[in-house]
Amino acid sequence: MSRKRRFFFAGLLFLHILPFAVRPALIGGDEPHYALMAHSMAVDGDIDLENNYQAVEQGSFAAGRKRAGEKLERHLLPFGERQVLSHPLGLPWLAAPLLWLQQVLAPGAAPDLLLGLLSLGLTFAALLAGRDLLTGHLQDQRRANLVTFSLYFSTPIWYYSRTFFTEPYLWALPVLGLWLMGRQRWLASGILLGMTFLIKEIAVLILLPLLLGVLLHRGVKRCAQASVGLATAVAVYAFKNYAVYGEPWVSAYPFQVGDPVAGAVGLLLSFTFGLLPFAPLAVVALVGYWPGSATRNWQGNPATLFLALSLVIFASYFGLTACWIDPTGGSSFGTRLLLPVLPALALPLARLWQEASSRRWLRLLLLGTTIAGFAIQWSAALDPVPAMWSIRLSELLSENLLAAPIGALLAAVFLVRVLKDEEDGSGRRFTVGI
């Protein structure tokens, strides 16, 4: 590995683990409840949480070290004459084997560190996989580095990479699945797609376009192989629902329609959860879908297909989220509910970086929004607890007046190093996605 490659990798790793190093514990929101569900599966072998909630009130660490001794609000919903879980079981299922091993080795230990490392490891692997995919697609290592750094660290993807929410898993698993497809590991990639569906059913808006891309680009056989895991997951989902709710096709949290217009405006502009205030680069990246954007080196059906599918993924997920009664996702930092589809903006963003090579104003816009977004995420990473509770952008930046300028300077230094990198992208490459 060259010196420049080592620098870039070390920089990614340092920035990636920073939020967790600042506070290596569950922050709040739904995290303690997912942790409690995983603990119940691992230790009790069931999903009856009432005894677990009571144990937390008596001092158990099962919901995180900071929640021991607290009375937690029950995340249960009435279903007929019973109280049932208000969260999908996929994420607790994924973590339960690790918690079982932890409890065998260290009974009563808090799950914070283990669950944080699980999220960190998975998202960092997906970050590197996404960079490899972009390198193969663009045939340009430097530009792939630019897109990877700017999209990841200038949006809330970075902040949530250490949390035990569903959203970081909903983007990381499909990206890893795509990477496996690029290495012709169709069944293995299908398993990851199936796991994504079990974590949250809305993931079908990501998974079906991906499988459609496999069908159109690689044919029926490969699509069938990649679909095995998802088909199995759907069967498990139906069986689980019948066992828990008495019906095979029912959501853990029924969809409630809100105001689509207000939801869409809020997702874009709200100063507590909007994309433009908290991730301006993501909004700029949407311009990359415009037909008039740069087209050189993007000719040919595969590139057009991938770009179109990424637009379908983002637009459908954005539209459904806007229709949800609470597009904020509850108390959270930035636009958490859109997190799973922010990686879909990598392709239009790459188009803009390509066009920026001949358009100075666009280059300055991309650099400016990347630095601004990084400064915002940096401020949240250094003080993650206040940031979690639907903090306004002005409040976040005023919490520590030095954080944002230091973050902006750090981002500028990193970008200068990447821009000066003359790496030509040679070496091992992967076919993008499929």
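The following paragraphs examine the structure supplied in this document. Numbering of residues begins from 1 in every chain and follows the order in which that chain's sequence is written. A pLDDT threshold of at least 70 governs which residues receive local features in this predicted model, and a stricter bar of 80 or more applies before side-chain atom pairs are shown or counted, although totals over entire chains, interfaces and linings include all residues. Just so you know, side-chain values use all the structure's heavy atoms and leave hydrogens and water out.

### What to know about the pairing of strand S1 (residues 76-79)
This is how the line gets drawn: In short, DSSP must find at least two bridges between two strands for them to pair. By definition, any uninterrupted DSSP run of H or I lasting at least four residues is a helix, any uninterrupted run of E lasting at least two residues is a strand, and each is numbered from the N terminus.
Pairing of S1 with strand S2 (residues 82-85), which is carried by four bridges, proceeds in the antiparallel orientation. Within S2, the residue paired with Leu77 across the bridge is Val84. Counting the residues between successive antiparallel strands, the hairpin from S1 to S2 contains two residues, one of them, Gly80, with a positive phi of roughly 70 degrees.

### Side note on the pattern of salt bridges
Heads up, the rule is: A pairing counts as a salt bridge when a side-chain nitrogen of Lys or Arg comes within 4 Å of a carboxyl oxygen of Asp or Glu. Summary of the burial criterion: residues with accessible area below 20% of their type's maximum are buried, those above 50% are exposed, and those between are partly exposed, where the area comes from a 1.4 Å probe applied to protein chains only.
Considering all chains together, one arrives at nine salt bridges under this definition. Among the salt bridges present, the one from Arg74 reaches Glu50, with a minimum N-O distance of 2.9 Å. Of this pair, Arg74 sits in the loop between helix H3 (50-57) and S1 while Glu50 sits in helix H3; the two residues are 24 residues apart in sequence, bridging distant segments of the chain. Taking relative accessible area as the criterion, Arg74 reaches 22% and is therefore assigned partly exposed. Lys71 is the salt-bridge partner of Glu57, the closest N and O atoms lying 3.6 Å from each other. Placement of the pair is Glu57 in helix H3 and Lys71 in the loop between H3 and S1, with a sequence separation of 14 residues. By relative accessible area, Lys71 is classed as exposed at 67%.

### Thoughts on a positive patch on the surface
Note the threshold: The patches described consist of residues with a relative accessible area above 30% and no salt bridge, like charges being joined within 9 Å and nonpolar side chains (Val, Leu, Ile, Met, Phe, Trp, Tyr) within 5 Å. Method for areas: the Shrake-Rupley scheme with a 1.4 Å probe, in which residue coverage is limited to the protein chains shown. Residues scored as positive are Lys and Arg, those scored as negative are Asp and Glu, and His as well as the terminal groups of each chain are ignored. Just so you know, the charge point we use is NZ for Lys, CZ for Arg, CG for Asp and CD for Glu.
Where like charges cluster on the molecular surface, the positive patch consists of Arg3, Lys4, Arg6, Arg417 and Lys420. Looking at the positive patch, the elements that each hand over two or more residues are helix H1 (3-22) and helix H20 (403-420). Top contributing element to the positive patch by residue count: H1, with three residues. Along the polypeptide, Lys4 turns up in helix H1. Judged by its relative accessible area of 42%, Lys4 is partly exposed.

### Details of the environment of Leu419
Applicable threshold: By definition in these notes, contact holds between two residues if any of their heavy atoms fall within 4.5 Å.
Positionally, Leu419 belongs in helix H20. You can call Leu419 buried: its relative accessible area is 18%. Between the C-alpha atom of Leu419 and that of Leu180, which follows or precedes it by 239 residues, the distance is 29 Å. With near-sequence residues (within four places) excluded, Leu419 lies in contact with Arg142, Leu146, Arg363 and Leu367.

### Looking at the packing of helix H10 (residues 204-218) against helix H11 (residues 220-245)
Using the following cut-off: Comment: axis = line fitted to C-alpha atoms, over the contacting stretch for helices; angle = value between 0 and 180 degrees taken between N-to-C directions. Small angles under 35 degrees read as roughly parallel and large ones over 145 as roughly antiparallel, with 65 to 115 read as roughly perpendicular and the rest as oblique. Each residue receives one of three labels: charged for Asp, Glu, Lys and Arg, nonpolar for Ala, Val, Leu, Ile, Met, Phe, Trp, Tyr, Cys and Pro, and polar for the others, Gly being one of them.
H11 packs onto H10 with a crossing angle of 155 degrees between their chain directions and a minimal axis gap of 7 Å. Judged by the inter-axis angle, H10 sits roughly antiparallel to H11. Listed contacts from H11 to Leu207, Leu208, Leu211, Val214, Leu215 and Arg218 of H10 are Val220, Arg222, Cys223, Ala226, Ser227 and Leu230. Looking at the contact of H10 with H11, its residues break down into nine nonpolar, one polar and two charged.

### What to know about the nonpolar core
For the record, the criterion: Here, nonpolar core refers to any group of buried Ala, Val, Leu, Ile, Met, Phe, Trp, Tyr and Cys residues whose side-chain atoms link them within 4.5 Å.
Residues Phe153, Phe164, Phe333, Leu366 and Leu396 are the most contacted members of the largest nonpolar core, which totals 129 residues. Excluding residues that lie within four positions of it along the chain, Phe333 makes contacts with Pro156, Tyr159, Tyr160, Phe278, Ile376, Gln377, Ala380, Ala387, Met388 and Leu396.

### Notes on the environment of Tyr237
Our working definition: Polar contact criterion, stated in full: a pair of N or O atoms within 3.5 Å, where within protein one must be able to donate a hydrogen and the other to accept it, and residues adjacent in sequence count only if both atoms are side-chain atoms.
Its place among the elements puts Tyr237 in helix H11. Along the primary structure Tyr237 and Leu198 are separated by 39 residues, whereas in three dimensions their C-alpha atoms are 6.6 Å apart. Not counting residues within four places of it along the chain, the set of residues in contact with Tyr237 comprises Phe197, Leu198, Glu201, Pro248, Trp249, Val250 and Ser251. Of the polar contacts made by the side chain of Tyr237, one reaches the backbone oxygen of Val250; its length is 3.1 Å.

### Quick word on the packing of aromatic side chains
As a reminder, the rule being used: Classification of ring pairs uses Phe, Tyr and Trp, with its six-membered ring standing for Trp, and accepts pairs whose centres are within 6.5 Å; under 30 degrees between planes counts as stacked, over 60 as edge-to-face, and the remaining range as tilted.
Summed over the entire model, instances satisfying the criterion amount to 20 aromatic pairs. Centre to centre, the rings of Tyr34 and Phe164 are 6.4 Å apart; their planes meet at 90 degrees, and the pair counts as edge-to-face. One end of the pair, Tyr34, is in helix H2 (residues 31-44); the other, Phe164, is in the loop between helix H7 (157-160) and helix H8 (167-182), and 130 residues separate them in sequence. Residue classification places Tyr34 among the buried residues on the basis of a relative accessible area of 4%.

### Observations regarding unusual backbone geometry
If you check the backbone angles, Gln139 has positive phi at about 55 degrees while not being a glycine. Within the secondary structure, Gln139 is located in the loop between helix H5 (112-138) and helix H6 (141-153). On the basis of relative accessible area, Gln139 is assigned to the partly exposed category, the value being 39%.

### Digging into H8
Residues three or four positions apart in an α-helix share a direction because the helix packs 3.6 residues into each turn. This is how the line gets drawn: A helix is expected to reach a length of 1.5 Å times the quantity of its residues less one.
In this model H8 runs 24 Å from its N-terminal to its C-terminal C-alpha over 16 residues, within 8% of the 22 Å that 1.5 Å per residue would give. With 15 of 16 residues buried, H8 lies mostly within the body of the structure. In the segment just after H8, Gln184 is the residue with positive phi, at about 65 degrees.

### Description of the packing of H1 against H20
Stated formally: By convention the crossing between two helices is left-handed if the near helix lies anticlockwise of the far one by an angle smaller than a right angle, and right-handed if it lies clockwise.
Interhelical geometry of H1 versus H20 gives an angle of 150 degrees and a closest axis separation of 11 Å. With respect to H20, the element H1 is oriented roughly antiparallel. The two elements H1 and H20 cross, and the hand of that crossing is left-handed. Across from Lys4, Phe7, Phe8, Gly11, Leu12 and Leu15 in H1, the residues of H20 making contact are Leu410, Phe414, Arg417, Val418 and Lys420.

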